[in-house]
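Coordinates in review
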Amino acid sequence: MVVEEDAEMIDHGPAALPALVFDEEHVPVLVGGAASAGRFMVGGATIGIGQAGMVIIAEASAAPARSGVWSADEVRLIGPAPAPVTERLMGSPWGTDESSWPIHIAVRLGGEVLYLGTAKLSQAGTSNGVLTDCELRFEAPLSRQLLNRVRPPLPAVDLPGLEWLRNVNDDRAAALEQFVTGWYSAAGATEPPANRSSSRLPGGLRQLYRLAKQRPGALGTQNRILPESDLHTDHLGEMLVFGAENQGGFFWSLLWTLDGPEADPTVWFREFDEEPAAEQEPLSGFLIQFSLFEASMGADYLALPRRLTATQVAQLTQALHLVPLRPFWPWAPTHFYVAPGLVVRVSNEGGEEFAVWAGATHRSALEPLADLPVDWIRFDG
């Protein structure tokens, strides 16, 4: 099956996996015999299925729309997948526990195929019973050197810049627009839509709704700014609810009166039936912070460390720029740090440890974090 070690790629770290040159003729041996092996294509990857397992052979590529190695820990399949692949990965309709059978991963690189080890299904999406996408976790992570070989790093093109950062405390409307238009691509339109939002709304909300007409992601991925048609007052008729957590655990609101809107009102955070607490920044700063939070949540490339000490946070953020705003989110006060194409948020719920989440628009934007002495739960760089 494996005919020789690629000695150049061996990393002798405790969790590193050596690359082994793989002979495709031996696929039937891994999956349980030539007579039963089926071959399928899913997102550019060749998949062999048999009675004893599955083999996935992907191309060496960094294209997000193709199946292949995504990180040192993860392989992605991009469907739609044919029924036999869906059934094997999602579980046989006849009750056989086929999902426990080994899934072997290999990558075609030039004239050879490198065997990377086995993986297990960690997440999958379906539509009308068809597998549309799935993530598999390597049982032993790849070394960084091997990762760069089977998922070649590509130079970043047009990373979102930091021009907006200079305007955070001088012209927050300009900062918000520059960040949103830099981070999210417009959805096809060539001219910005006219601002038809209600004049009774504060200018910051009217601006965000205008931007979201071309860039819907600006309204949020995890939490969300409610569409203008869904704005409503609270049960007392005193507060205009404009933002909510994805499971309804908390919401944001503004004081609502029949008079004209305040230019830059206080934002009120309320969890369940607790008393509301004021966000430290008024609406103009809050919308920048909300945009940074959601951009990191919805990013294609993530870096998620386990909880860090203050010293580790200082190491992680030393090459980044602090966004000069007071802490966001009373539930877990949060600061933001940025670099081109990168947003890092640091939250503290009390105590001496910090929760950190980084999101990036391109794999290369995570490079400033790559060599830090941090225990990563996930690192897509």
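Read on for an overview of the structure. Quick caveat: nothing in here was measured; it's all calculated off a predicted structure.

1. Re unusual backbone geometry
- Following G79, the chain continues into P80 via a peptide bond in cis, with omega recorded as 10 degrees.
- Mapped onto the secondary structure, P80 falls in the loop between strand 7 (74–78) and helix 2 (83–90).
- The phi dihedral of N128 is positive, around 55 degrees, even though this residue is not glycine.
- Following the sequence through the fold, N128 ends up in the loop between strand 9 (112–127) and strand 10 (130–138).
- The exposure class assigned to N128 is exposed, which follows from its relative accessible area of 81%.
- Not every positive phi belongs to a glycine, and W329 is a case in point at roughly 75 degrees.
- Checked against the element boundaries, W329 lands in the loop between strand 18 (321–322) and strand 19 (334–339).
- On the basis of relative accessible area, W329 is assigned to the buried category, the value being 16%.

2. Re the packing of helix 4 (residues 172–183) against helix 6 (residues 283–297)
- Running from N to C, helix 4 and helix 6 point in directions that differ by 15 degrees, and their axes come no closer than 9 Å. By the angle between their directions, the pair helix 4 and helix 6 is classed as roughly parallel. In terms of crossing hand, the pair formed by helix 4 and helix 6 is left-handed. Packed against helix 4, whose contacting residues are R172, A175, L176, F179, V180 and W183, the element helix 6 presents S284, G285, L287, I288, S291, L292 and A295 at the interface.
- For the contact of helix 4 with helix 6, a count of residues per class yields 9 nonpolar, 3 polar and 1 charged.

3. Observations regarding helix 5 (residues 203–214)
- Burial of helix 5 is extensive: 9 of the 12 residues sit out of reach of the surface.
- Listed as buried for helix 5 are G204, L205, Q207, L208, Y209, R210, L211, A212 and Q214.
- Looking at the buried positions of helix 5, the neighbouring elements they touch are helix 4, strand 11 (224–225), strand 13 (239–244), strand 14 (250–255) and helix 6.

4. Focus on helix 2
- The complete set of buried residues in helix 2 reads V85, T86, R88 and L89. Buried positions in helix 2, seen along its axis, are confined to an arc of 170 degrees and lie on one side of it.

5. A few points about the sheet that holds strand 20 (residues 342–347)
- One open sheet accounts for 6 strands, arranged 18-19-20-21-17-22; its pairing is antiparallel. Edge positions in the sheet fall to strand 18 and strand 22 (376–379), since each has one partner strand and no second.
- Pairing of strand 17 (residues 301–305) with strand 21 (residues 355–360), which is carried by 3 bridges, proceeds in the antiparallel orientation. In the strand pairing of strand 21, Y301 is matched with A360.
- Across the sheet, helix 7 (residues 310–317) touches strand 19, strand 20, strand 21 and strand 22, and the angle it forms with strand 20 is around 165 degrees.

Rules behind the numbers
Residues numbered from 1 in each chain as written. Predicted model: local features only at pLDDT ≥ 70, side-chain atom pairs only at ≥ 80, totals over all residues. Heavy atoms only, no water. Helix = DSSP H or I, 4+ residues; strand = E, 2+ residues; numbered from the N terminus. Buried < 20%, exposed > 50% of the residue type's maximum accessible area, 1.4 Å probe, protein only. Axes fitted to C-alpha atoms, helices over the stretch in contact; angles between N-to-C directions. Parallel < 35°, antiparallel > 145°, perpendicular 65-115°, else oblique. Left-handed = near helix turned anticlockwise from the far one by under 90°. Contact = heavy atoms within 4.5 Å. Nonpolar A, V, L, I, M, F, W, Y, C, P; charged D, E, K, R; others polar. Arc of directions from axis to C-beta. Pairing = 2+ DSSP bridges.

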